[in-house]
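What the coordinates show
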Amino acid sequence: SGGLERHSYDVVVVGAGGAGLRAAIAAHDAGARTAIVCKSLLGKAHTVMAEGGIAAAMGNRWPEDNWEVHFRDTMRGGKMLNNWRMAQLHAQEAPERVMELEDWGALFDRTDDGLISQRDFGGHKYARLAHVGDRTGLEMIRTLQQRAVALGIDVFMECTITELLQGPATGEGPAPVSGAFGYWRETGRFVVFEAPSVVLATGGIGKSFKVTSNSWEYTGDGHALALRAGASLINMEFVQFHPTGMVWPPSVKGLLVTESVRGDGGILKNSEGERFMFDYIPEFFKAETADTVEEADAWYEDKKNNRRPPELLPRDEVARAINSEIKAGRGSPHGGVFLDIASRRSPEFIRKRLPSMYHQFKELADVDITKEPMEIGPTCHYVMGGVEVDPDTQESAVPGLYAVGECSGGMHGSNRLGGNSLSDLLVFGRRAGDAASARAAGTTERTPISEDDVQAAQREALAPFELEGGENPYAIQGDLQQQMNDLVGIIRTRDELTQALKEVQGFKSRAERLSVEGHRQYNPGWHLALDLRNMLLVSECIATAALERTESRGGHTRDDFPMTDDSWGAKNLVLRLDPETREVTLAHQELPIMPDELKTFFQAT
Ligand code: FAD
């Protein structure tokens, strides 16, 4: 490997979304020589697609809002399965992180008195989402990216990491990280990064499902890399199906329709014109949800004396309700239900507050949302599950390996509230960058990269070229997406999950006989072949945990166990790879116990 490209840094951040950029800025500011590696172009990360806003209890619209209420909303939204410490840090630090973005040049929408405007979203007691129309992610990425580039942080774009490199084991646990191995997408040439701290910020897993709001990048790379390095994953049974994705035309099925449509007054109706969400208010949220149309509508103007509309229940509740209406035969012509803002707000209001939605429907579906209702249905949107990390530093069980953003687990429990991802990226991105930098500074002797491991990584990456006439990666991916959608989707049963695991095993054996055409220069078939390993591993983890959890909670709904079960309420399911057999193993683990002073926030309601 004489000609192999090599780089050496203190901190290597894998991923250039909000989490990766914020981590890299923090690591750089703390003095670390920092690099960002990302598999698409800078600015194309998933974060750019975020629409609604960043949740932070700044109290700009409702002075009653504070971190304690945000903490409580987040924990309740996650059905109390969240790591309490992460939820606390998140609620406490989010306002500062938003203000800092503004200092760095982000231009938020304003209130009449010039403060950062905040909008309503499901599960948040007060209007809390700092936003820029419905293009908040774009502004966030623009701001962070400009800053990262101005600071001189090195960026390796269109470069995909396929393996983490590790030194010799130093004790009982997994061996510390020593770097990462990847390839340039354009040339197919390999590259090695040496670093005592690696931060995974690779985002989610949505591309394992057929109908999804996620882009091609979301193949669970960070989840799989961490697992293979000896880290653990938690909350993997919890996948968020967003209630409102486009259902038509087929080419855009799954594309997101932002929750801001409901936050700004939009309502859901079935084919009979009935505003059906009033029929689906669960016991758990009865006390805080309006049960008449009058009260629901009055809430937008007067939050003190009215309870919130049922359209703004947490996403899992709304998605299940829509699913039931469609199943009961009360769906829209293209298999969704109706989302109506046209009859509720003026065309000017709609075009000002929801410009992207206006254009999205006009251009893609030829629907004018200021005049007609939209047709929408559930779409795979976000994974609550991810790498198990220390809540303060985001370090995984692998020394020197950090995970942050959507690829980490714990923060959102069984269901994430809208807006809580962008704030999560900022709060924990900064924390991970700080910790990764501190570790690098404290590492006097660097672990050398093992040349055997580099050779092995190259062989593994080139394996799909070895076989002729084998399986086509696109065919396996298509089959996986369909099966995950059908068997591990929004409503689950034991038989279907058992079947899903069988299917995944079948796909794994097929994937061992992959072949790709052509050569190493820009070869999407080869790239997919490498991503597919990750998608299969992550899918297996999701199905394994979903089969084990015999209750319904948050993003995980079991038709055969429809109730939320207290005995599951204090338990995480932890997935690891057995170091010997390399098989996925599952263990039950008690949730960390919340201190009494935090418990008091829940009694107040
Ligand atoms: P990303 O932004 O996806 O970044 C991942 C990065 O990792 C990319 O740069 C990618 O190239 C890189 N990468 C991945 N694998 C590799 C690899 N193997 N090697 C190298 N690089 C790799 N949340 C909110 O809070 N508010 C919202 O309003 C909101 N709206 C949303 C709207 C849409 C349409 C979608 C899809 C999501 C929305 N979310 C929202 C969720 C939120 O946008 C995401 O959870 C969040 O942006 C994830 O950020 P991240 O930094 O973890 O990952």
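Below: a short report on this structure.

**Focus: the side chain of Arg 22**
Residue position: Arg 22 is located in helix α1 (residues 18-29). Polar side-chain contacts of Arg 22 include one of 2.9 Å to the side chain of Glu 100. In contact with Arg 22, not counting residues within four places along its chain, are Arg 97, Glu 100, Trp 104, Leu 144, Leu 425, Leu 426, Gly 429 and Arg 430.

**A word on the layout of surface pockets**
With a probe scaled to a water molecule rolled over the atoms, the places where space remains empty come into view. The space that makes up the largest pocket amounts to roughly 950 Å³. Forming the walls of the largest pocket are 28 residues, and the residues nearest its centre are Glu 163, Arg 228, Glu 460, Arg 533 and Leu 537. Here the lining of the largest pocket gets six residues from one element, more than from any other, and that element is helix α16 (residues 524-548). Here the lining of the largest pocket is composed, by residue class, of 17 nonpolar, two polar and nine charged.

**Focus: unusual backbone geometry**
Note that the residue after Trp 248, namely Pro 249, is joined by a cis bond; omega there is -5°. Following the sequence through the fold, Pro 249 ends up in the loop between β13 (239-246) and α6 (260-263). Positive phi, normally seen in glycine, also occurs at Asn 235, with a value near 60°. Phi is positive for Asp 366, which is not a glycine, with a value near 55°. Relative to the assigned elements, Asp 366 resides in the loop between α11 (355-365) and β16 (374-383). Asp 366 sits in the exposed class, given a relative accessible area of 61%.

**Focus on the nonpolar core**
One recurring pattern in soluble globular proteins is that nonpolar side chains are buried together. Grouped together as the largest cluster of nonpolar side chains are 124 residues, with contacts concentrated most on Leu 101, Phe 108, Phe 193, Val 199, Leu 200, Leu 401 and Ile 542. Of all the elements, α16 adds the most residues to this core, at 13 residues. In this structure Phe 193 touches His 7, Tyr 9, Val 12, Val 37, Phe 156, Cys 159, Ile 161, Ser 178, Gly 179, Ala 180 and Ile 449, once residues within four positions along its chain are discounted. Core analysis: the next-biggest nonpolar cluster, separate from the first, contains 25 residues, Val 252, Val 261, Ala 321 and Ala 365 among them.

**Some remarks on helix α3 (residues 84-103)**
Taking 1.5 Å as the rise per residue, α3 with 20 residues should run 28 Å; its terminal C-alpha atoms sit 29 Å apart, in good agreement. Where α3 bends most, the angle comes to about 40°, and this point is Glu 93, followed within four residues by the proline Pro 95. Judged by how many residues are buried, α3 sits mostly within the fold: 14 of 20 residues are covered. The N-cap of α3, judged by a side-chain oxygen 3.0 Å from the amide nitrogen of Arg 85 a few residues on, is Asn 83. Where α3 terminates, the next one or two residues include Gly 105, which has phi positive at roughly 115°.

**Things to note about the site of the ligand**
Taken together, 40 residues are adjacent to the ligand, and His 46, Thr 47, Gly 52, Glu 217 and Asp 221 come closest. Within the backbone of Ala 19, an N or O atom sits 3.0 Å from an oxygen atom of the ligand. Calculation on the ligand without its partners gives an accessible area of 1,000 Å², and the protein chains cover 99% of this total. Among the elements of the structure, α1, β3 (34-38), β8 (159-166), β16 and α12 (420-442) are those that each provide at least two residues to the shell around the ligand. The element that contributes the greatest number of residues to the shell around the ligand is α12, accounting for four residues. Residues of the shell around the ligand, tallied by class, amount to 16 nonpolar, 18 polar and six charged.

**Section: the packing of helix α14 (residues 473-487) against α16**
It is at 9 Å that the axes of α14 and α16 come closest, and there the two elements cross at 30°. Classified by the angle their axes make, α14 and α16 are roughly parallel. In this structure, α14 crosses over α16, and the sense of that crossing is left-handed. Touching Pro 473, Tyr 474, Ile 476, Gln 477, Leu 480 and Met 484 of α14 are Pro 524, Gly 525, Leu 528, Ala 529, Leu 532, Met 535, Leu 536, Ser 539 and Ile 542, all from α16. Considered class by class, the residues forming the contact of α14 with α16 number 12 nonpolar, three polar and no charged.

**Digging into empty space enclosed by the protein**
Counted by the stated rule, this structure contains two cavities of 30 Å³ or more. Size it by volume and the largest cavity reaches roughly 70 Å³. As for the largest cavity, its lining consists of Val 239, Gln 240, Phe 241, Asp 316, Ala 319, Arg 320, Asn 415, Ile 490, Gly 554, Gly 555 and Thr 557. Among the residues making up the lining of the largest cavity, the classes are represented as four nonpolar, five polar and two charged. Counted as a void, the second largest cavity has a volume near 40 Å³. What lines the second largest cavity is Thr 160, Ile 161, Thr 162, Asp 221, Leu 225, Arg 228, Leu 530, Asp 531, Arg 533 and Asn 534. For the lining of the second largest cavity, the leading source of residues is α16, giving four residues.

**What about the state of the cysteines?**
Summed over the entire model, instances satisfying the criterion amount to zero disulfides. The closest cysteine sulfur to the non-disulfide-bonded Cys 159 is located on Cys 38, 8.4 Å from its own sulfur.

**So, the packing of α3 against α12**
Running from N to C, α3 and α12 point in directions that differ by 90°, and their axes come no closer than 8 Å. In terms of orientation, α3 lies roughly perpendicular with respect to α12. For the pair α3 and α12, the contacting residues are Met 86, Leu 89, His 90, Glu 93, Ala 94, Arg 97 and Leu 101 in the first and Asn 420, Ser 423, Asp 424, Leu 426, Val 427, Phe 428, Arg 430 and Arg 431 in the second. Looking at side-chain class alone, the contact of α3 with α12 contains seven nonpolar, three polar and five charged residues.

**Some thoughts on the sheet that holds strand β7 (residues 154-157)**
Strand order in this open sheet of five strands is β7-β3-β2-β11-β18, and the pairing throughout is parallel. Pairing within the sheet leaves two strands with one partner each, and these edge strands are β7 and β18 (401-403). Taking each pair of neighbouring strands and ignoring which way they run, the sheet shows an average axis angle of 20°. Pairing analysis gives three bridges linking strand β11 (residues 197-200) to β18, with the strands arranged parallel. Looking at the pairing, Val 198 lines up with Leu 401 of β18. Across the sheet, α1 is in contact with β2 (11-14), β3 and β11; its angle to β3 comes to roughly 165°.

**Looking at the side chain of Ser 539**
Relative to the helices and strands, Ser 539 is located in helix α16. Relative accessible area serves as the criterion here: at 0%, Ser 539 is assigned to the buried category. At a separation of 2.7 Å, a polar atom in the side chain of Ser 539 contacts the main-chain carbonyl oxygen of Met 535. Look past the residues within four positions of Ser 539 in its chain and what remains in contact with it is Ser 208, Leu 480, Met 484 and Val 504.

**Examining the pairing of β13**
Across the eight residues that make up β13, a large majority, eight, are buried. In this structure, β13 lies alongside β16, joined through six bridges in antiparallel fashion. Among the inter-strand pairings, Val 239 is bridged to a residue of β16, identified as Val 383.

Reading guide: rules and limits
Residues numbered from 1 in each chain as written. Predicted model: local features only at pLDDT ≥ 70, side-chain atom pairs only at ≥ 80, totals over all residues. Heavy atoms only, no water. Helix = DSSP H or I, 4+ residues; strand = E, 2+ residues; numbered from the N terminus. Polar contact = N/O pair within 3.5 Å; in protein donor to acceptor, adjacent residues only side chain to side chain. Contact = heavy atoms within 4.5 Å. 1 Å grid on protein atoms, 1.4 Å probe; cavity = no way out; pocket = protein on both sides within 12 Å on 5 of 7 lines; lining within 4 Å. Points joined across faces, edges and corners; volume = space filled by probe spheres on them. Nonpolar A, V, L, I, M, F, W, Y, C, P; charged D, E, K, R; others polar. Buried < 20%, exposed > 50% of the residue type's maximum accessible area, 1.4 Å probe, protein only. Core = buried A, V, L, I, M, F, W, Y, C linked by side-chain atoms within 4.5 Å. Expected span 1.5 Å × (residues − 1). Bend = angle between axes of the 7 residues up to and from the residue. Near = heavy atom within 4 Å. Areas by Shrake-Rupley, 256 points an atom, 1.4 Å probe, with all protein chains shown as cover. Axes fitted to C-alpha atoms, helices over the stretch in contact; angles between N-to-C directions. Parallel < 35°, antiparallel > 145°, perpendicular 65-115°, else oblique. Left-handed = near helix turned anticlockwise from the far one by under 90°. Disulfide = S-S within 2.5 Å. Pairing = 2+ DSSP bridges.

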